[in-house]
Structures are given as structure tokens and as C-alpha cells.
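# An overview of the molecular structure
Chain by chain, the residues run as shown.
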Amino acid sequence: MNIRLRFRLFAATAGTGLVLTACGSSGSPPSASGPSAAPGTSSPSRSATVSVPSGPSAITPPGTSAPTTPGPGGGAPPLGSGRFQPMWPFTTLAEARAWERDFHSTGHQPWHLDPDETALSFTQGYLGFQDIDRVTAHIVRGPDARIGVGLSRPAGVTGTAAVIHLVRYGTGPDAPWEVVGTDDTTFSLTNPGYGLIVRSPLLTGGRITGVDERIRIQVRQPSSAAPLGTSCCTAAGGNGRHWKESVSFSGPGDPVLTVVASTGGHIAEVERFTVTAVRTG
């Protein structure tokens, strides 16, 4: 897990996103298991990994003071559970603690303790992006992690489709990893603001760098296998150009929804994606 490798980080070219080239050997984590993983998910591959010192704190349990800094996506700080919204796989702190008790007694679903496995299961099992099957970057600062995920490219180069932001949900060494957003570069989702209360129809938007892009929008919640709403597809391109699209959705039951924007079509259906968390009130 903590193999130290040197890697080169290249600026994104149009329609590709970040590219990481590993300069050394790497290992493969065990394949994701349990109901949160997509059926038929292939064993993930890992590219470059690097560990760094401790950093920001995890999701703050309800009842504590909320930080004043905004969460991922640049929106206003959410209320109630700190600056981050719990997107997946747990919707509440009670669910995370229930898994932790179950893990201590039965060893059930140990992949919740692996940020790489959690990021890949989020991408493949929750979002349904089956072709994005490998880890391209691994940066952990204590209870905070940034995990790059991507798909294979020609000549052994791996493209990063998104950098998943995860934090520990709770305290202690066995607190599970929770997805709270993405770190965006050439493709962003800035509207709606992170943690805001929304209703249908929902206006989405952001910026993109690329050529002949087609942006698909989905609204998802952890308790539903199918999207609550989909809009496809918005033509976009250029250098840091604004894009916007409206999507209608119905049937929200979870307290936090995931809004996901994806683009592709050059070498794969999904080549880049970005997510943000919103609340249903």
C-alpha cells in the first residue's frame, strides 16, 4: 500500500485531463466486495502511489461547530455535520458506526478501510463508470485522501478521469472512508453550490477545457440503483469555457444527493467526470 514511487505530472491536454506516468513498480489492491461494489466489477489496477504527512480533519459529527471554509466545489459551508457532506457509501454517521461495529465482530467489508477501494467502488458501483478501473494517484494526509481514478490508455500511459476526495467518517483507526467530492482541474461542476438545498429542475454548470465534448448530467442517491434524473447531452469545448445544463429529477429520499457531470466519446464513453453534493432539505 505505501510503496513510494516517483511520478511525473503532466498538464492536461484538450479532452484528456491529468496524466500520470509511473516510474517504478506497483501493486494491485484486492478487488472490491460487498453490496456497494458494482456486480461484475473487474479487479482494479494501481498506478503511482505516495504517502504524505497528516493534514485536515475528517467529517465532523453532528452537534459540533462547523468550519467556516467552503467544501469541495466552492459553495457555502454546509450546516450540521461540518464542512463536508457525506456522499457515499454512508449517508449518516450512524450508518458508518454500525458498519464499524459489524467489522469489529465479523470483519465484514474491510474495503471501507481502503481509500483506493472506496474511490473505485464509488466510481464503478455507484456512478456506473465501469471502464474507469484503476487508481492513478494516491495521496493520503491522515484522515484526508485524494485518489485519482482513470482508464487505461495506449503505450502504458494512464489518464486520470477524476480525483476523488475522501475523508474518514468518524474517529479512531477503523473509521471508514467516505467520498465527499472531487478535486477539479479541466472540468468542473460549480453550480449548484456544494451543500446547498436544491429542487427540480436543477440548473447545473461549470467550466471545461476540451474539444467536441458532450456533457451528461445525472442526479443520484445512495439508496437508489438508477439515477433520479438524467440530461444528455450538452455540447461544449474550448479553453476554460462556461457550460450549463438543466436536469429534472424525482423521488429523492436520502438527505444528500450526488450531482455528477461526465464527458467523453473520444476514446471511451466516460473520460472525465466531476461531482458535487447537494441537500434535499
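Analysis parameters
Residues numbered from 1 in each chain as written. Predicted model: local features only at pLDDT ≥ 70, side-chain atom pairs only at ≥ 80, totals over all residues. Heavy atoms only, no water. Helix = DSSP H or I, 4+ residues; strand = E, 2+ residues; numbered from the N terminus. Buried < 20%, exposed > 50% of the residue type's maximum accessible area, 1.4 Å probe, protein only. Contact = heavy atoms within 4.5 Å. Areas by Shrake-Rupley, 256 points an atom, 1.4 Å probe, with all protein chains shown as cover. Pairing = 2+ DSSP bridges. Phe/Tyr/Trp six-rings, centres within 6.5 Å; stacked < 30°, edge-to-face > 60°. Axes fitted to C-alpha atoms, helices over the stretch in contact; angles between N-to-C directions. Salt bridge = Lys/Arg side-chain N within 4 Å of Asp/Glu carboxyl O. Polar contact = N/O pair within 3.5 Å; in protein donor to acceptor, adjacent residues only side chain to side chain. Lys, Arg positive; Asp, Glu negative; His and termini not counted. Disulfide = S-S within 2.5 Å.

Below, the discussion takes up the overall build of the protein. Helix and strand counts for the protein stand at two helices and twelve strands. A burial count over the protein gives 51% of its 281 residues as buried. Counted over contacts in the protein with a minimum sequence separation of 6, partners at least 24 positions apart contribute 60%. When the accessible area of the protein is evaluated, it comes to approximately 11,900 Å², of which 53% is carbon and sulfur surface.

Within strand β11 (residues 256-263), eight of the eight residues are buried, which leaves the element mostly enclosed by the surrounding structure. With burial as the criterion, each face of β11 is covered, one bearing Val-256, Thr-258, Val-260 and Ser-262 and the other bearing Leu-257, Val-259, Ala-261 and Thr-263. In terms of strand pairing, strand β9 (residues 202-220) meets β11 through five bridges, oriented antiparallel. Bridge assignment links Arg-220 to a residue of β11, and that residue is Thr-258. Pairing of β11 with strand β12 (residues 272-279), which is carried by eight bridges, proceeds in the antiparallel orientation. By the bridge assignment, Val-259 is partnered in β12 with Thr-276.

Burial of strand β6 (residues 144-152) is extensive: seven of the nine residues sit out of reach of the surface. The pairing of strand β5 (residues 134-141) with β6 spans seven bridges and is classified as antiparallel. In the sheet register, Ile-139 faces β6, and the bridge partner there is Arg-146.

Within the structure shown, the criterion is met by eight aromatic pairs. Relative to Tyr-126, the ring of Trp-88 lies with its centre 5.9 Å away and its plane at 10°, an arrangement referred to as stacked. Here Trp-88, found in the loop between β4 (50-52) and α1 (93-106), pairs with Tyr-126, found in helix α2 (residues 115-126); they are 38 residues apart in sequence, far enough to count as distant. Grouping residues by exposure puts Trp-88 and Tyr-126 together as buried. Consider the rings of Phe-187 and Trp-243, whose centres lie 6.1 Å apart with planes at 50°: the pair is tilted. Taken as a pair, Phe-187 in the loop between β8 (177-183) and β9 and Trp-243 in strand β10 (residues 229-247) lie far apart in primary sequence, 56 residues in all. Like Trp-243, Phe-187 is buried.

In space, the four strands of this open sheet follow the order β10-β9-β11-β12, with antiparallel pairing throughout. Since the sheet does not close on itself, it has two edges, and those belong to β10 and β12, each with one partner. Here the average twist between neighbouring strands, direction ignored, is 25°. Sheet topology note: the β9/β10 ladder contains 14 bridges and is antiparallel. Bridging from a neighbouring strand, Gln-218 pairs with Thr-230 of β10.

This part is about the pattern of salt bridges. If charged atoms from side chains of opposite charge come close, those side chains can pair. Evaluation of the coordinates by the stated rule reveals four salt bridges. As a salt-bridge pair, Arg-146 and Asp-144 come within 2.4 Å of each other at their nearest N and O atoms. Taking relative accessible area as the criterion, Arg-146 reaches 23% and is therefore assigned partly exposed. Relative accessible area serves as the criterion here: at 2%, Asp-144 is assigned to the buried category.

Turning to α2, a few remarks are in order. With eleven of its twelve residues buried, α2 lies for the most part within the structure. Buried within α2 are the following residues: Pro-115, Asp-116, Glu-117, Thr-118, Ala-119, Leu-120, Ser-121, Phe-122, Thr-123, Gln-124 and Tyr-126. For α2, the capping residue at the N-terminal end is Asp-114, with a side-chain oxygen 2.9 Å from the backbone nitrogen of Asp-116. Note on α2: the residue one or two positions beyond its end, Gly-128, has a positive phi of about 85°.

Turning our attention to the side chain of Arg-220. Structurally, the position occupied by Arg-220 is in strand β9. Of the buried charged residues, Arg-220 lacks a salt bridge, with Glu-269 as the closest side chain of opposite charge at 10.0 Å. A polar atom in the side chain of Arg-220 sits 3.3 Å from the backbone oxygen of Tyr-126. Within the structure, Arg-220 has its side chain in polar contact with the backbone oxygen of Ala-225 (distance 3.2 Å).

All right, on to the state of the cysteines then. Tallied over the full model, the rule gives one disulfide. Each disulfide pairs two cysteine sulfurs, and for Cys-232 the partner residue is Cys-233, the sulfurs being separated by 1.5 Å. According to the relative accessible area criterion, Cys-232 is partly exposed, its value standing at 43%.

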